Amino acid sequence: MVGTASPGVVWVLIEYRGGWPPEGFDGLDLEAGTKALISSAARTAGARVLLVRRPGPRRRPGPSRWAVLRHESPGAYQQLWGTWDRDEDLAEIVSALAAPGEPGFPPVILVCAHGRHDPCCAVRGRPVGRALSERWPELVWECSHVGGDRFAATAVVAPDGVYYGGLDVESSVATIQDHLAGRISAKYLRGYTDLFPPQQVAVAAVLERFGPAGRNDFHVTETLRDGDRWRIRLTGSPPHPARIDVELLAHRAPPCQLTCLAPAAGSVMVYQATSIIGT
């Protein structure tokens, strides 16, 4: 599971209270011109467009919301929020993607519950979404497909850019509580979205060795590859080691069922930490 966080540092959230098509936003029957503008702007910004809704009953009063979330740099997170009644209102997302966001917002907790994309996400994700929303009602949203259906229930904390997987009701509450308190641990961690897979695995290995840490307590400063071997150097903030070298060995995992709906077995690259040296 470690090293499987989908890359990206910008998210577009669109609250949609009706049924979600298997393709998510791409499958919505929206005004064609507005939809094309959003899709083009999102591609230009490297943003992921997700449909969201509050856990529980879908019929809620008031206009729907949209948001643009950004992870600008370590510790620099920005958000812009708006509302929409008509399809054309969503065109504001285009200008929001080109404008600076606002700091100071609490993070958003996204739980994949996209059953029409993969039933595992609905069966396992919805109970987790309800449990988290009982604790943090203003922060939690169900969302469309974020990748890694086989790790359901999955959650993304944005714009922190942290993926979790293999969650159930009890573990999700404890994991998010720790995250919000600045204690990220390796147990349910899939990775950080601003890092690519070997770097994600290196950070998780460091967290497992030295204990939970804040989102920005470790920084990747050097990445070297020699065939199927990797060496990742990280710097740590006190009380963690100032410099840590992690060596990884890459190999392809045996074929397996990667999602509930996969028509055939597939194989993925796995990275295993073979050495961790902190100084």
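Shown above is the structure to which this text applies.
Treat the numbers as computed from the prediction; the structure is a model and nothing was measured.

Caption draft 1: Looking closely at the overall build of the protein. Across its full length, the protein carries 5 helices and 13 strands. Computed over its C-alpha atoms, the radius of gyration of the protein comes to 19 Å, within 12% of the 19 Å expected for a compact globule of 279 residues. By its C-alpha atoms, the protein is 55 × 45 × 35 Å across when sized along the principal axes. Counting 29 positive and 29 negative side-chain charges, the protein places the centres of these two groups 4 Å from one another.

Caption draft 2: Main features of the sheet that holds strand β10 (residues 218-226). The strand order β10-β11-β12-β13 describes an open sheet built from 4 strands, whose pairing is antiparallel. Bordering the open sheet on either side are β10 and β13 (269-278), each of which pairs with just one other strand. Neighbour-to-neighbour, the strand axes of the sheet open up by a mean angle of 25°, direction not taken into account. Pairing of strand β12 (residues 243-252) with β13 involves 9 bridges; the strand directions are antiparallel. Bridge pairing in β13 places His251 opposite Val270.

Caption draft 3: The arrangement of unusual backbone geometry in detail. Going from Ala152 to Ala153, the amide bond is cis rather than trans, its omega being 5°. Here the residue pair Ala158 and Pro159 is connected by a cis peptide bond, since its omega of 5° sits within 30 degrees of zero. Mapped onto the elements, Pro159 comes out in the loop between β7 (155-158) and β8 (162-164).

Caption draft 4: Structural context of the packing of aromatic side chains. Considering all chains together, one arrives at 3 aromatic pairs under this definition. When the ring of Trp230 is compared with that of Tyr271, the centres are 6.3 Å apart and the planes differ by 80°; the resulting orientation is edge-to-face. Remark: Tyr271 occurs in strand β13 and Trp230 occurs in strand β11 (residues 229-236); sequence separation between them is 41 residues. Tyr271 carries the same exposure label as Trp230, and that label is buried. In this structure an aromatic cluster arises from ring pairing among Phe196, Trp230 and Tyr271. The positively charged end of Arg53 is found above the aromatic ring belonging to Trp20, 3.7 Å away from the centroid.

Caption draft 5: Quick look at the pairing of strand β3 (residues 64-73). Most of β3 is tucked away: 7 of the 10 residues are buried. Of the strand pairs in this sheet, strand β1 (residues 10-15) and β3 are connected by 5 bridges, and their pairing is antiparallel. Each residue of the ladder has a partner; that of Leu13, found in β3, is Ala67. Relative to strand β4 (residues 76-84), β3 runs antiparallel, the two being bridged by 9 bridges. Counterpart to Arg70 in the pairing with β4 is Gln78.

Caption draft 6: Structural context of the packing of helix α3 (residues 119-135) against helix α4 (residues 169-180). One can describe the packing of α3 onto α4 by two numbers: an axis separation of 9 Å at closest approach and a directional angle of 45°. When the axis of α3 is compared with that of α4, the two are oblique. In this structure, the crossing between α3 and α4 has a hand that is right-handed. Residues Pro127, Val128, Ala131, Leu132 and Arg135 of α3 form the contact with α4, whose participating residues are Val169, Ser172, Val173, Ile176 and Gln177. For the contact of α3 with α4, the class distribution of residues is 7 nonpolar, 2 polar and 1 charged.

Caption draft 7: Expanded view of the pattern of salt bridges. Across all of its chains, the model carries 9 salt bridges by this definition. The partner of Glu15 in a salt bridge is Arg17, and the shortest N-O contact between them spans 3.0 Å. Between Asp194 and Arg215 there is a salt bridge, with the nearest N and O atoms lying 2.8 Å from each other. In this pair, Asp194 sits in the loop between β9 (189-192) and α5 (197-210) while Arg215 sits in the loop between α5 and β10, placing the two residues 21 residues apart along the sequence. Each member of the salt-bridge network shares a partner with another, and the members are Arg86, Glu88 and Asp89.

Caption draft 8: Spatial organisation of the sheet that holds β9. With mixed pairing, the 9 strands of this open sheet are ordered in space as β4-β3-β1-β2-β6-β5-β7-β8-β9. Two strands bound the open sheet, and with one partner strand each, they are β4 and β9. The mean inter-strand angle of the sheet, taken between neighbouring strand axes irrespective of direction, is 25°.

Caption draft 9: Representation of helix α1 (residues 32-45) in the model. Taking 1.5 Å of rise per residue, the 14 residues of α1 would be expected to cover 20 Å, and the 20 Å separating its terminal C-alpha atoms lies within 8% of that figure. By the burial criterion, the buried members of α1 are Thr34, Lys35, Ile38, Ser39, Ala41 and Ala42. For α1, the angular spread of the buried residues around the axis is 170°, confining them to a single face. The exposed residues of α1 that point more than 90 degrees off its buried face are Ala32, Arg43 and Thr44. Summarising the contacts, the buried residues of α1 are in contact with β2 (47-53) and α2 (92-98). Downstream of α1 by one or two residues, Gly46 has phi in the positive range, about 65°.

Analysis parameters
- Residues numbered from 1 in each chain as written.
- Predicted model: local features only at pLDDT ≥ 70, side-chain atom pairs only at ≥ 80, totals over all residues.
- Heavy atoms only, no water.
- Helix = DSSP H or I, 4+ residues; strand = E, 2+ residues; numbered from the N terminus.
- Rg over C-alpha atoms; globule rule 2.2 N^0.38 Å.
- Lys, Arg positive; Asp, Glu negative; His and termini not counted.
- Charge placed at Lys NZ, Arg CZ, Asp CG, Glu CD.
- Pairing = 2+ DSSP bridges.
- Axes fitted to C-alpha atoms, helices over the stretch in contact; angles between N-to-C directions.
- Phe/Tyr/Trp six-rings, centres within 6.5 Å; stacked < 30°, edge-to-face > 60°.
- Buried < 20%, exposed > 50% of the residue type's maximum accessible area, 1.4 Å probe, protein only.
- Lys NZ or Arg CZ within 6 Å of the ring centre and 35° of its normal.
- Parallel < 35°, antiparallel > 145°, perpendicular 65-115°, else oblique.
- Left-handed = near helix turned anticlockwise from the far one by under 90°.
- Contact = heavy atoms within 4.5 Å.
- Nonpolar A, V, L, I, M, F, W, Y, C, P; charged D, E, K, R; others polar.
- Salt bridge = Lys/Arg side-chain N within 4 Å of Asp/Glu carboxyl O.
- Expected span 1.5 Å × (residues − 1).
- Arc of directions from axis to C-beta.

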